[in-house]
Amino acid sequence: MKGKHNFSAGPGILPAEVIKEAAAGVLNINNTGLSILEVSHRDKDFMAIMEEARSLVKELMGLGNDYKVLFLGGGASLQFAMVPSNLLATGGTAAYLDTGVWAHKAIKEAKMVGNVNIIASSENEKYNHIPKNITIPTDASYLHITSNNTIYGTQMHHFPDSPIPVVCDMSSDIFSRRMDFSKFDLIYAGAQKNMGAAGATMVIVKESILGKTGRKMFSMLDYQVHIKGESMYNTPPVFSVYVCMLTMQWLKKNGGLAWIEGINRKKAELMYSEIDRNSLFTGTVVKEDRSWMNATFLLTKAELEETFNKMWKEAGIVGIKGHRDVGGYRASMYNALTIEDVQALVDVMKELEKKNG
Ligand SMILES: *Cc1c(COP(=O)(O)O)cnc(C)c1O
């Protein structure tokens, strides 16, 4: 919002014009005289919003009709349970890459459904990197990875070729860069980090991998039920889907993923070059795995904490306090954050060094 530099990890910053349009839709959607908050999800105005949101996802990611797009409730955390329920063969094993808190939570749920093979983990190094040279077991039902580790500030910049279906939690870097999305068989992302208002979780799934476990499932946990219902099996998170659609329209209008990737790359370069240059700060992650979305860093002189905190708050910076598991600071630089916002933080870091370095 105006005058603030919002580095919050999630719910995170949204484009100002999207917030404005969303506010207009709350008052009057499509000149119907009704609020988006009070229209039926079966109404043609909302059906068109859902339809456009689903087709924009495929357009932005360059995916074909073999993929289905859903907007579900329950957060990315519900996907930790839905993925194994729908994909883990009865008596079978699923492969997981353990890259931090969210991967860990996904593993915990999968263990309720079947066997889990943790093929690699960076836990012993406090998740400061992405495990490399992994071997993917050919007999597992699927491989689960987390593309961006919101808490530890690591991001996968290379994706393995996999002999088995790949499931990816993209909650905190969805739509942030170009990628060959056809490498993935299922992608999920909570809306509130980089895509829209909290409430909806986007799921993109290749239909051909479903229906193979023989497991009986609750309807609400069954992707096939939601696909058949065109993401309207039950009342979808209407307002959240609306904001996701507006954000995707904003992305498309400005040049899509190629455009936002260029901006995100520049923001990350600006942020990390200051962390590396400034004697008062140090990054927590190995360089090649640094996240473009969440930059985690520490003060080298702990006694300056109070001074620094006061300075960035006075500069209108919001949300850079680190996660309790890592400490220090975390600057989340989601799509809507501008280079100028990052520059404001860099300026404060320089100022701190000038006075105390
Ligand atoms: C925030 C986050 C989650 C959890 O999302 P909820 O929508 O709160 O359930 C899962 N995975 C990643 C990578 C996240 O950043």
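Residues numbered from 1 in each chain as written. Predicted model: local features only at pLDDT ≥ 70, side-chain atom pairs only at ≥ 80, totals over all residues. Heavy atoms only, no water.

(A) View of the overall build of the protein chain. When you go through the protein chain residue by residue, the secondary structure sums to 9 helices and 14 strands. What you see for the protein chain is a C-alpha radius of gyration of 21 Å, in line with the 21 Å of a compact globule of 357 residues. The principal-axis extents of the C-alpha atoms in the protein chain amount to approximately 65 × 55 × 30 Å. Residues classed as buried in the protein chain amount to 55% of the 357 residues present. The long-range fraction of contacts in the protein chain, counting pairs at least 24 apart against all pairs at least 6 apart in sequence, stands at 67%. Carbon and sulfur atoms make up 51% of the accessible area of the protein chain, which totals about 15600 Å². The centroid of the 39 positive side-chain charges in the protein chain is displaced by 1 Å from the centroid of its 38 negative side-chain charges. (Helix = DSSP H or I, 4+ residues; strand = E, 2+ residues; numbered from the N terminus. Rg over C-alpha atoms; globule rule 2.2 N^0.38 Å. Buried < 20%, exposed > 50% of the residue type's maximum accessible area, 1.4 Å probe, protein only. Contact = heavy atoms within 4.5 Å. Areas by Shrake-Rupley, 256 points an atom, 1.4 Å probe, with all protein chains shown as cover. Lys, Arg positive; Asp, Glu negative; His and termini not counted. Charge placed at Lys NZ, Arg CZ, Asp CG, Glu CD.)

(B) Region of interest: the site of the ligand. The environment of the ligand is made up of 13 residues, and the closest members are S77, T150, D169, Q192 and K193. Note that an oxygen atom of the ligand is positioned 2.6 Å from one of the side-chain N or O atoms of S77. At a separation of 2.6 Å, an oxygen atom of the ligand approaches a polar side-chain atom of K193. When the ligand is considered free in solution it has 390 Å² of accessible area, and contact with the protein chains removes 87% of it. Looking at which element gives the most residues to the shell around the ligand, the answer is helix α3 (residues 75–87), with 4 residues. When its residues are assigned to classes, the shell around the ligand shows 3 nonpolar, 8 polar and 2 charged. (Near = heavy atom within 4 Å. Polar contact = N/O pair within 3.5 Å; in protein donor to acceptor, adjacent residues only side chain to side chain. Nonpolar A, V, L, I, M, F, W, Y, C, P; charged D, E, K, R; others polar.)

(C) Geometry of the pattern of salt bridges. Inspection of every chain in the model, using the stated rule, returns 18 salt bridges. Across the pair K68 and E207 runs a salt bridge whose closest N-O atoms are separated by 3.9 Å. Taken together, the residues span a long stretch of sequence, with K68 in strand β2 (residues 67–72) and E207 in the loop between β10 (201–206) and α5 (223–228) at a distance of 139 residues. When its relative accessible area of 24% is taken as the criterion, K68 is described as partly exposed. Classification of E207 as partly exposed rests on a relative accessible area of 36%. E288 is paired through a salt bridge with K132; the nearest N and O atoms lie 3.9 Å apart. One end of the pair, E288, is in the loop between β11 (281–283) and β12 (294–299); the other, K132, is in the loop between β4 (115–121) and β5 (143–146), and 156 residues separate them in sequence. Owing to a relative accessible area of 42%, K132 belongs among the partly exposed residues under this scheme. Here the salt bridges share partners, and the residues they tie into one network are E274, R277, K350 and E353. (Salt bridge = Lys/Arg side-chain N within 4 Å of Asp/Glu carboxyl O.)

(D) Layout of the environment of L280. Among the structural elements, L280 can be located in the loop between α7 (256–277) and β11. In this view, L280 contacts L298, L299, T300, K301, L304, L352, E353, N356 and G357; residues no more than four positions away in its chain are not counted.

(E) View of the packing of aromatic side chains. Overall, the coordinates contain 10 aromatic pairs when judged by the stated rule. Aromatic side chains Y96 and Y142 sit 5.8 Å apart centroid to centroid with 70° between the ring planes, which places their arrangement in the edge-to-face category. One end of the pair, Y96, is in strand β3 (residues 93–98); the other, Y142, is in the loop between β4 and β5, with 46 residues separating them in the sequence. Both residues of the pair, Y96 and Y142, belong to the buried class. Centroid distance Y127 to Y152: 4.9 Å. Interplanar angle 55°. Geometry classified as tilted. Taken as a pair, Y127 in the loop between β4 and β5 and Y152 in the loop between β6 (148–149) and β7 (154–155) lie far apart in primary sequence, 25 residues in all. Residue Y152 is classed as buried on the basis of its relative accessible area of 12%. Here the aromatic residues F281, F297, F308 and Y329 are joined through ring pairs into a cluster of three or more. Here K313 stacks its cationic end above the ring of W312, 5.3 Å away from the centre of that ring. (Phe/Tyr/Trp six-rings, centres within 6.5 Å; stacked < 30°, edge-to-face > 60°. Lys NZ or Arg CZ within 6 Å of the ring centre and 35° of its normal.)

(F) Representation of the sheet that holds β12 in the model. Across the sheet, which stays open at both edges, the 3 strands sit in the order β11-β12-β14 with antiparallel pairing between neighbours. For this open sheet the edge positions go to β11 and β14 (329–332), each flanked by a neighbour on one side alone. Within the sheet, the average angular offset between the axes of one strand and its neighbour, ignoring direction, is 35°. Here β12 pairs with β14 via 4 bridges, running antiparallel. The partner of N294 across the bridge, within β14, is S332. Along the sheet face, α7 touches β11, β12 and β14 and points at about 15° away from the line of β12. (Pairing = 2+ DSSP bridges. Axes fitted to C-alpha atoms, helices over the stretch in contact; angles between N-to-C directions.)

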